[in-house]
Amino acid sequence: ANSLATVTITGAGGQIGYALLFRIASGQLLGPDTAVRLRLLEIPQGLRSAEGAALELQDSAFPLLQSVDVTDDAASAFDGANVGLLVGSRPRGPGMERGDLLAANGAIFAPQGAAINAGAADDVRIVVVGNPANTNASIASAHAPDVPCERFTALTRLDHNRALGQLSEALHTPVSQLRDVSIWGNHSATQFPDIAHATAGGRPVVELLEEQLGADAAREWIRDVFIPRVAKRGAEIIEVRGSSSVASAANATIDHVSDWVSGTTHGWTSAALPSDGSYGVPEGLVSSFPVESIDGQWRIVQGLELDAFARERIDASVAELIEEREAVRTLGLL
Ligand code: NAX
């Protein structure tokens, strides 16, 4: 290995943590030339589970794995961190009010943001997986004033990959042939999976669907089948599997960070990051966009034409993000 990176995973004792750790230690996050130091952050109740995972990491004898530390102290977990995967959160439980949900997450992401601000490496890259991911990323960023806000991102790559999977099936086309699908907005049921610019084997996906189904049926399929299927896929997984998405969420997290570090080469992908005002999304709002990764930085793909339908869907999801931001502001978390 030529270099060494410190990767901090919060909620490392949980399910997604377990699916992430071994892939990171084997080199799939940062490549075969980068040795990794893992820092596993948990709350006291989760420490034993994280310690167990650390024992199994040892038993895997990964050549790239330099060390594993397990802690419930955010300051030591983020000290020198180059990459932070913020997985542990308080997702909405049955009957939980949104205010309670946001307050519980504020109590997690505000101190973690402060710990990142105090001790993380200058090149730190953060991706928030724990829901509500976009707003949690905003909270962490607000508490890390010395870290450029564009280093705080949230995961919509799972939604993006789900869209690719659905298109691949519908068009009988391998995923490797698909390009330029976009997820816009919030990582929630209001997200807008957009295939207006997507291609399969170089041909517009919408044209292929129209050939296959006819123009009206193609439009209906996109609106009534494809979009809700992608946006509600998490619920479908829970229904079929009896438990939420784990390996696919970990896989998407790996994709997000490895593209961020190494660059995108096959068209664009999707990530939630603080808006620069592109496409009328208010500046600073952590929203999903079509993005490319160039020289280690995400760039929002510019100049895409949005029709009335796309505009309406994006505006609806952005309105939800603004509401979340207002609620969090009221709680004094921003
Ligand atoms: P688990 O409940 O298995 O694991 C979460 C872990 O986080 C637990 O071990 C818990 O002790 C720990 N934790 C809680 N608060 C913490 C804190 N303050 N510091 C450190 N650790 C803390 O959940 P899992 O299935 O791993 O899912 C984790 C999160 O991912 C959830 O919030 C879930 O909603 C979210 N998801 C996000 C997805 C996305 O695409 N953005 C998709 C998958 C997933 O649903």
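Reading guide: rules and limits
Residues numbered from 1 in each chain as written. Predicted model: local features only at pLDDT ≥ 70, side-chain atom pairs only at ≥ 80, totals over all residues. Helix = DSSP H or I, 4+ residues; strand = E, 2+ residues; numbered from the N terminus. Rg over C-alpha atoms; globule rule 2.2 N^0.38 Å. Buried ≥ 20, exposed ≤ 12 C-beta atoms within 10 Å, placed from the backbone. Contact = placed C-beta atoms within 7 Å. Axes fitted to C-alpha atoms, helices over the stretch in contact; angles between N-to-C directions. Parallel < 35°, antiparallel > 145°, perpendicular 65-115°, else oblique. Left-handed = near helix turned anticlockwise from the far one by under 90°. Nonpolar A, V, L, I, M, F, W, Y, C, P; charged D, E, K, R; others polar. UniProt positions renumbered as here; feature names shortened; annotations may be inferred. pLDDT = per-residue confidence, 0-100. Domains from an automatic or database assignment. Pairing = 2+ DSSP bridges.

1. Brief notes about the overall build of the chain
Helix and strand counts for the chain stand at eleven helices and 14 strands. For 334 residues, the compact-globule estimate of 2.2 N^0.38 gives 20 Å, and the C-alpha radius of gyration of the chain, at 20 Å, lies within 12% of that figure. Its C-alpha atoms give the chain principal-axis dimensions of roughly 55 × 45 × 40 Å. Expressed as a percentage of the 334 residues in the chain, the buried residues total 46%. Within the chain, contacts between residues at least 6 apart in sequence are counted, and of these 72% link residues at least 24 apart.

2. So, the packing of helix 1 (residues 15-25) against helix 2 (residues 47-60)
Put simply, helix 1 and helix 2 touch, their axes get as near as 11 Å, and they point 30° apart. By the angle between their axes, helix 1 is roughly parallel relative to helix 2. As helix 1 packs across helix 2, the resulting crossing turns out to be right-handed. Every residue of helix 2 that contacts helix 1 at Gly17, Tyr18, Leu21, Phe22 and Ala25 is listed here: Ala53, Leu57 and Ser60. Within the contact of helix 1 with helix 2, the residues separate by chemical class into six nonpolar, two polar and no charged.

3. Some words on the UniProt feature "binding site: substrate" (unreviewed entry) in the chain
Summarizing the sequence annotation, UniProt attributes the feature "binding site: substrate" (unreviewed entry) to Arg92, Arg98, Asn131 and Arg162 in the numbering used throughout. The greatest C-alpha distance among the residues just named is 26.2 Å, and with 71 residues of sequence between them they are spread in space as well. Aside from chain neighbours lying at most four places away, what touches Asn131 is Ser89 and Pro91. Considering the arrangement of structural elements, one finds Arg162 in helix 6 (residues 157-171). Excluding its chain neighbours within four sequence positions, the residues that come into contact with Arg162 are Val230 and Arg233.

4. With respect to the confidence of the model for the chain
For the chain, per-residue confidence averages 97 on the pLDDT scale, and residues scoring 70 or more make up 100% of the total. The weakest mean pLDDT in the chain belongs to helix 4 (residues 98-119) at 93; the strongest belongs to strand 4 (residues 83-86) at 99. Across the whole predicted complex the pTM is 0.98, and at the interface the ipTM reaches 0.98.

5. Some details on unusual backbone geometry
Each neighbour pair has its own omega, and for Asn131 with Pro132 the value is -5°, a cis peptide bond. Topologically, Pro132 is positioned in the loop between strand 5 (125-128) and helix 5 (133-142). In this structure, Tyr279 is a non-glycine residue whose phi angle is positive, near 55°. In this fold, Tyr279 is placed in the loop between strand 12 (269-274) and strand 13 (286-294).

6. Thoughts on the domain arrangement of the chain
You can read the domains of the chain as domain 1 (3-154) and domain 2 (157-325). Here the C-alpha centroids of domain 1 and domain 2 sit 24 Å apart. Facing 26 residues of domain 1, the contacting portion of domain 2 comprises 24 residues. Broken down by secondary-structure element, the contributors of at least two residues to the side of domain 1 that touches domain 2 are helix 1, strand 4, strand 5, helix 5 and strand 6 (152-154). Residue composition of the side of domain 1 that touches domain 2, grouped by class: 16 nonpolar, seven polar and three charged.

7. Here's the deal with the pairing of strand 13
For strand 13, the buried fraction is high: seven of the nine residues fall into the buried class. Relative to strand 13, strand 12 runs antiparallel, the two being bridged by six bridges. Residue pairing across strands places Leu273 opposite Ser287, the latter belonging to strand 13. Sheet topology note: the strand 13/strand 14 (residues 297-300) ladder contains four bridges and is antiparallel. Residue Ile294 lies in a different strand from strand 14, and its bridge partner there is Gln297. Taking the residues between adjacent antiparallel strands as the criterion, strand 13 and strand 14 are bridged by two residues, where Asp295 takes a positive phi near 50°.

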